[in-house]
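# Geometric and topological summary
What follows is the residue order along each chain.
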Amino acid sequence: MKFTEDFLSIVLENRPLLDVRAPVEYDKGSFPNATNIAIMDDEQRRLIGIRYKEEGNASAVKLGRELVNEEEQVQRIKDWKIFIQNNPNAYLYCFRGGQRSEITQMWLEEAGIEIARLKGGYKAFRNFLTQESETITSTISTIIVGGRTGSGKTILLQELDNMIDLEGLAKHRGSTFGKVIDEQPSQVDFEDALYYKLIQHKANGHKHLVIEHEGNRIGRVHLPKTVHDDFSKGGLVILQTSIDERIEITYDEYVTLSLESYAKVYGLDARAKWYEEVVGGLDRIKRRLGSQAHLEIRAQCLDAYESGNDTGHKVWIKRLLHDYYDPMYDYQIEKTDIPILFRGNKSEVLEFIKNKG
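Before going into details, it helps to say that this report is about the structure given with it.

Bringing the packing of helix α12 (residues 243-266) against helix α16 (residues 313-335) into the picture now. The interhelical angle for the contact between α12 and α16, taken along N-to-C directions, is 110 degrees, at an axis separation of 10 Å. Judged on the interaxial angle alone, α16 and α12 are roughly perpendicular. Crossing of α12 over α16 shows right-handed handedness. For the pair α12 and α16, contact is made by Ile-243, Arg-246, Ile-247, Glu-248, Thr-250, Tyr-251 and Val-255 and by His-313, Lys-314, Ile-317, Lys-318, Leu-321 and Asp-326, respectively. In terms of residue class, the contact of α12 with α16 is made up of 6 nonpolar, 2 polar and 5 charged.

Structure (structure tokens):
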């Protein structure tokens, strides 16, 4: 039976992976391009785990063969065959590269299909990703793009080949109103996606890595401490954008594009669901806004919502940027230990970064 421990090629080739762990394990975290077609379901795994603790490995294996009956085995093989036919260069893994992936390999070989499995399984590959990424970030030269909310940092990043979009990986825009309709990944999924990007970045030979100025937390996921600390050793480039442009960018992200996303999920209820989320965001920052400002901004939001004139939301967006986000960001910049390398508008910042290589 074939093994592979060429973990680097998996990342660089974005190779598809067949994850045969139980769904509960997969949901806690997996790898980019992995598909879960489990050899046993959650309850079967639970029962076998109990048997293993009470009576040892041989008894647990025997129970596994009893629980996954012939009919289930046939269906599992059928599902795996379809996946492998669609992904002929795929690799296989379970948690430690042990019995579950070995049995999967054996069943597939009996059906005339060959697939290599990861030596050491999920655990070994995950350790490789973590260690390799921490080595990369310890030596990497980082350019951090900062700027006030709505200045278009993410838009600027999309024009660069040597960037990693942390907010994109986290599926969150990084602010109180940054939630997107897609559910955020698990912490492990976020980390593994980031590790892939870091390893691919190194392989592309870029002199610098460009990221957006973030705290260690983006929504409900956070950057691994070692990675965040290494990123923070870079230099800061401040993107300066006029308030009118910032209002338009913020409106486009938090109103126009958000409403389009909500419409795909909630249909006719989209606008009400979106408004409920925005008001919830305003309520979460009530203490920092102050009671009077909170009431006034909330009322402006309600007026725009009830009128059906979406451009009316620019009124409260302008106030929120000016009264809430700007003072907070200016204070952060004043206190930051990250050296500021450059300030300029979008074209100037792009030129500065590209000249850095």
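In this structure, Asn-14 is a non-glycine residue whose phi angle is positive, near 50 degrees. The class for Asn-14 is partly exposed, based on a relative accessible area of 40%.

Throughout the structure, instances matching the rule amount to 25 salt bridges. Residue Arg-45 is joined to Glu-25 by a salt bridge in which the shortest nitrogen-to-oxygen separation is 3.2 Å. Here Arg-45, found in helix α3 (residues 42-55), pairs with Glu-25, found in helix α2 (residues 23-28); they are 20 residues apart in sequence, far enough to count as distant. Arg-45 gets classed as partly exposed once you look at its relative accessible area, which sits at 33%. The salt bridge involving Lys-314 is made with Glu-248; its shortest N-O contact spans 2.8 Å. Of this pair, Lys-314 sits in helix α16 while Glu-248 is found in helix α12, placing the two residues 66 residues apart along the sequence. Judged by its relative accessible area of 22%, Lys-314 falls in the partly exposed class. Residue Glu-248 is classed as partly exposed on the basis of its relative accessible area of 40%.

Looking now at the environment of His-208. Position of His-208 relative to the elements: it lies in the loop between α10 (187-203) and β7 (209-212). Separated by 68 residues in the primary sequence, His-208 and Ile-140 have C-alpha atoms spaced 6.9 Å apart. At 3.4 Å, the side chain of His-208 forms a polar contact with the side chain of Ser-141. A polar contact is formed between the side chain of His-208 and the backbone oxygen of Lys-356, at a distance of 3.2 Å.

Residues Leu-17, Phe-31, Phe-125 and Leu-129 are the most contacted members of the largest nonpolar core, which totals 40 residues. Tallying contributions element by element places α10 first for this core, with 7 residues. Among all residues touching Phe-31, those that are not within four sequence positions of it are Leu-17, Tyr-93, Tyr-122, Phe-125, Arg-126, Leu-129, Asp-192 and Tyr-196. Residues Val-279, Ile-285, Cys-301 and Leu-321 belong to the second largest nonpolar core, which totals 22 residues.

Two quantities define a packed helix pair, namely the angle between the axes and the distance from one axis to the other. Their axes nearest at 10 Å, the elements helix α13 (residues 270-284) and helix α15 (residues 291-307) cross at an angle of 170 degrees. The angle between α13 and α15 falls in the class roughly antiparallel. Counted together, Arg-271, Ala-272, Tyr-275, Val-278, Val-279, Leu-282 and Asp-283 of α13 and His-294, Ile-297, Arg-298, Cys-301, Leu-302 and Tyr-305 of α15 form the full contact between these two elements. For the contact of α13 with α15, the class distribution of residues is 9 nonpolar, 1 polar and 3 charged.

A few words on the packing of aromatic side chains. A complete count under the given rule lists 13 aromatic pairs for this structure. Both rings, one in Phe-7 and one in Phe-128, keep their centres 5.7 Å apart while their planes meet at 50 degrees; by these two values the pair is tilted. Of this pair, Phe-7 sits in helix α1 (residues 7-12) while Phe-128 sits in helix α7 (residues 121-139), placing them 121 residues apart in sequence. In textbook terms, an aromatic cluster arises when at least three aromatic residues are bridged by ring pairs, as seen for Phe-7, Phe-31, Tyr-93, Phe-95, Tyr-122, Phe-125, Phe-128 and Tyr-196. A cation over an aromatic ring shows up here: Arg-21 above the ring of Tyr-122, its NZ or CZ 4.3 Å from the ring centre. Between the NZ or CZ atom of Lys-314 and the centre of the ring of Tyr-251, over which it lies, the distance is 4.9 Å.

It is worth spelling out the side chain of Ser-258 at this point. Tracing the chain through its elements places Ser-258 in helix α12. Of the residues examined, Ser-258 reaches a relative accessible area of 7% and is grouped as buried. With residues up to four places along the chain from it excluded, the contact list for Ser-258 reads Arg-173, Glu-253 and Trp-274.

For α16, which comprises 23 residues, the first-to-last C-alpha distance of 32 Å matches the rise-based estimate of 33 Å (1.5 Å per residue) to within 8%. Maximal helix bending in α16 amounts to about 40 degrees, located at Tyr-325; proline Pro-327 follows within four positions. Listed as buried for α16 are His-313, Trp-316, Ile-317, Leu-320, Leu-321, Tyr-324, Tyr-325, Asp-326, Tyr-329 and Ile-333.

Rules used in this analysis
Residues numbered from 1 in each chain as written. Predicted model: local features only at pLDDT ≥ 70, side-chain atom pairs only at ≥ 80, totals over all residues. Heavy atoms only, no water. Axes fitted to C-alpha atoms, helices over the stretch in contact; angles between N-to-C directions. Helix = DSSP H or I, 4+ residues; strand = E, 2+ residues; numbered from the N terminus. Parallel < 35°, antiparallel > 145°, perpendicular 65-115°, else oblique. Left-handed = near helix turned anticlockwise from the far one by under 90°. Contact = heavy atoms within 4.5 Å. Nonpolar A, V, L, I, M, F, W, Y, C, P; charged D, E, K, R; others polar. Buried < 20%, exposed > 50% of the residue type's maximum accessible area, 1.4 Å probe, protein only. Salt bridge = Lys/Arg side-chain N within 4 Å of Asp/Glu carboxyl O. Polar contact = N/O pair within 3.5 Å; in protein donor to acceptor, adjacent residues only side chain to side chain. Core = buried A, V, L, I, M, F, W, Y, C linked by side-chain atoms within 4.5 Å. Phe/Tyr/Trp six-rings, centres within 6.5 Å; stacked < 30°, edge-to-face > 60°. Lys NZ or Arg CZ within 6 Å of the ring centre and 35° of its normal. Expected span 1.5 Å × (residues − 1). Bend = angle between axes of the 7 residues up to and from the residue.

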